[in-house]
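Architecture and fold: a report
Spelled out from the first residue to the last, the chains are:
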Amino acid sequence: MNATTGVSRRTLLRAAGVTAMAVFGAGGLAACASAVQEQRAAGDDNAAPVRGGTLKIGTTVDLVPANLLTNTGAVPLVIGLVYESLVRYPHDGLEPAPLLASSWTLAPDGRSLEVILRDDVTYHSGRPFTAADVEFSLRTYADPKWSAQLKSTAAAITGYEYDSPHHLVLRFAHPLTNIFDLLTTVPMLDRETLGAPGSGTFVGTGPFRLASRDPNTRIVFERNAHYRIADRPYLDRVEVSIIPDSQAQLNALRSGRINMATGLNYRDNENLARSAAFKTISYTGAELQVYVGADVTNPALADIRLRQAVAYALDRNRIIAEVFRGAGYPLNLPWPKYSPAYDEARNTRYARDVDKARQLVAQVGKPPQLLLSYPTDIAYYADVAQIVQADLAEAGIDVKLDPNEPSTFVKKLIGGQFPGLWVTDHSWAQFVPSTLSVSAYPFNARKNASHYQSTAYTAAADTAWQIAPGAPLTPAYSELSDQLLDGLFLIEIGVRLQQFSAARRVHAVSWTKSRETLLTEAFLA
């Protein structure tokens, strides 16, 4: 498994770029006059960093340890604080910047990658980070028992060669257009403590260590005093309270019991932004896409014409305007506007046309009532589901709303257990386009939540995934988009920006393209 390689380090190309950081917005309501004055006094976004203090965050759902590699629930928060990856993308692009890897060289044929690791990194236990940990982390990520979404890309790594603790070569079964998506996503796990899925042990190299966890109540992180970046993090402690109810989070933020709320609806964020006590943090570059999924094994939904009727019936503009308060834009395809796969013309195929939707329903016959499932962890899922229900009723499609507890919803999504339609978000379209079609639970060409199978779609997904460096990408991405529009097993509504509200005294919160919250530079002024 470990082999000696003769590749010279002198051939390495030094990676460039610095991860961008941005904090947007301002405003809010306070519980009392004194609280408002305190927040305003400390609300200057140009404030100098201050060491110490505890940042208190409210989130809607707890961490499920077995879902550590799934990017669901509270996982992005834990990963962002406790762990680090080999590289990191900036918010506004797909050029990897160094993180735990200091430099790398991709072979001209795209079938191997030579990597040099930082030599000053240790785990929270004090053990040095080495190439063996990279191998362990990538092999663990590829293990199906963890249900990681990019596991097919990790499984395409066929060889790990290292001749020193900080030098390794990864060899691939074929070129991987999304190899850096994988390397920015996989947390570098501690091979000595990880254990089996659900063990609840979390040891990483990140700026914070997990100090304690009271299930469904609180997660506490403490500053990693031996972090590789001198004098970071600024915060001493991060306390995450599990507050499932959006209104309860809003009250906790207004009263000062928390400094940052991650589960408010967009209208509350908008209202808070009208005063000087709070601000809105928008995770630009980490867009989510709201969609309607369809189980194509359902006899009614097996007919493409009914799925097309759903697509024509949706009032995407209303959903973006009313539910997400304009923090996004409608789409027919998953790609955000900066994606290399984005095509404005293809995004008009299913513009709203209720008459056409009714005609299609008439052709197939009125279907029996369908379930429309959605998760209950954040209020806007119910809001979207209600608008979708009304839109479909206008076209002659009767749906019954089916709220699901968050962990149950995720289990059904991963297992493809929805019997009709469902509403939720998907991610991964903000990465290299091939990642979506070979990785994401809803889109995976070989196994997806809709049970959709198509040799043409699988071929398009594989082609986009295996393009060698320097070959043209646009034809493959266009074919992939056409397959998604023709199959229509997922019906896009649009992009939305994830937004959090925070007290004005909270500064320098950042994030990854996977929505992992980064608090390395954060401070309370």
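In case you missed it, the structure is sitting above this.
Figured I'd write up the structure that's included with this text. A quick note: this is a predicted structure, and the numbers were derived from the prediction, not measured.

A short note on helix H10 (residues 354–364)
By the burial criterion, the buried members of H10 are Val-354, Ala-357, Leu-360 and Val-361. Around the axis of H10, the buried residues are gathered within 120° of arc, so they sit on the same side. Facing away from the buried side of H10 by more than 90 degrees, the exposed set consists of Gln-359 and Ala-362. Of the surrounding elements, those touching the buried residues of H10 are helix H8 (304–313) and helix H11 (379–395). Trailing H10 by a residue or two, Gly-365 shows a phi angle of about 90°, which is positive.

Side note on the side chain of Thr-72
Examined against the element boundaries, Thr-72 turns out to sit in the loop between strand S1 (54–59) and helix H2 (75–82). Residue Thr-72 is classed as buried on the basis of its relative accessible area of 16%.

Brief notes about the pattern of salt bridges
Tallying each qualifying case throughout the model produces 27 salt bridges. Two residues, Arg-237 and Glu-222, come together in a salt bridge whose shortest N-O distance is 3.3 Å. Taken together, the residues Arg-237 in strand S10 (residues 237–242) and Glu-222 in strand S9 (residues 218–223) connect sequence positions 15 residues apart. Given the relative accessible area of 24%, Arg-237 is considered partly exposed. By relative accessible area, which is 24% here, Glu-222 ends up partly exposed. Two residues, Asp-486 and Arg-349, come together in a salt bridge whose shortest N-O distance is 2.9 Å. Taken as a pair, Asp-486 in helix H15 (residues 474–487) and Arg-349 in the loop between strand S14 (328–330) and H10 lie far apart in primary sequence, 137 residues in all. In this structure Asp-486 comes out as partly exposed when scored by relative accessible area, which is 45%. In the salt-bridge network here, residues are joined through shared partners; they are Arg-127, Asp-133, Asp-190, Arg-191 and Glu-192.

What about H2?
Counting buried positions over the eight residues of H2 gives eight, a clear majority of the element. Three or more residues of H2 are buried, namely Val-75, Pro-76, Leu-77, Val-78, Ile-79, Gly-80, Leu-81 and Val-82. On its buried face, H2 is in contact with S1, strand S8 (208–214), S9, S10 and strand S22 (517–518).

Structural notes on the packing of aromatic side chains
Taken as a whole and assessed by the stated rule, the structure comprises 19 aromatic pairs. Judged by centre distance (4.6 Å) and plane angle (15°), the rings of Tyr-283 and Trp-511 are stacked. In this pair, Tyr-283 is assigned in the loop between strand S12 (278–282) and strand S13 (288–294) and Trp-511 in strand S21 (residues 510–511), connecting sequence segments 228 residues apart. No difference in accessibility class separates Tyr-283 from Trp-511, as the two residues are buried. Measuring from centroid to centroid gives 6.1 Å for Tyr-452 and Tyr-457, while their planes differ by 55°, and the two rings are tilted. As far as burial versus exposure is concerned, Tyr-452 and Tyr-457 are alike and both buried. Following the ring pairs from residue to residue traces out a cluster consisting of Tyr-266, Phe-324, Tyr-380 and Tyr-381.

Let's talk about the packing of helix H9 (residues 316–323) against H11
In the contact formed by H9 and H11, the axes pass within 10 Å of each other and the chain directions differ by 150°. It follows from the interaxial angle that H9 and H11 lie roughly antiparallel. Crossing geometry of H9 relative to H11 is assigned as right-handed. Of the residues in H11, those touching H9 at Arg-318, Ile-319, Glu-322 and Val-323 are Tyr-380, Asp-383, Val-384, Ile-387 and Val-388.

A word on the pairing of S1
Looking along a regular strand, one sees side chains alternate from face to face of the sheet. Two strands pair when backbone bridges link them, and S1 and S10 are joined in this way by six bridges, in the parallel orientation. Bridge assignment links Gly-58 to a residue of S10, and that residue is Ser-241. Judged from the two bridges that link them, S1 and strand S11 (residues 260–261) form a sheet pairing that is parallel. Of the residues in S11, the one forming a bridge with Gly-58 is Ala-261.

The rules we used
- Residues numbered from 1 in each chain as written.
- Predicted model: local features only at pLDDT ≥ 70, side-chain atom pairs only at ≥ 80, totals over all residues.
- Heavy atoms only, no water.
- Buried < 20%, exposed > 50% of the residue type's maximum accessible area, 1.4 Å probe, protein only.
- Helix = DSSP H or I, 4+ residues; strand = E, 2+ residues; numbered from the N terminus.
- Arc of directions from axis to C-beta.
- Contact = heavy atoms within 4.5 Å.
- Salt bridge = Lys/Arg side-chain N within 4 Å of Asp/Glu carboxyl O.
- Phe/Tyr/Trp six-rings, centres within 6.5 Å; stacked < 30°, edge-to-face > 60°.
- Axes fitted to C-alpha atoms, helices over the stretch in contact; angles between N-to-C directions.
- Parallel < 35°, antiparallel > 145°, perpendicular 65-115°, else oblique.
- Left-handed = near helix turned anticlockwise from the far one by under 90°.
- Pairing = 2+ DSSP bridges.

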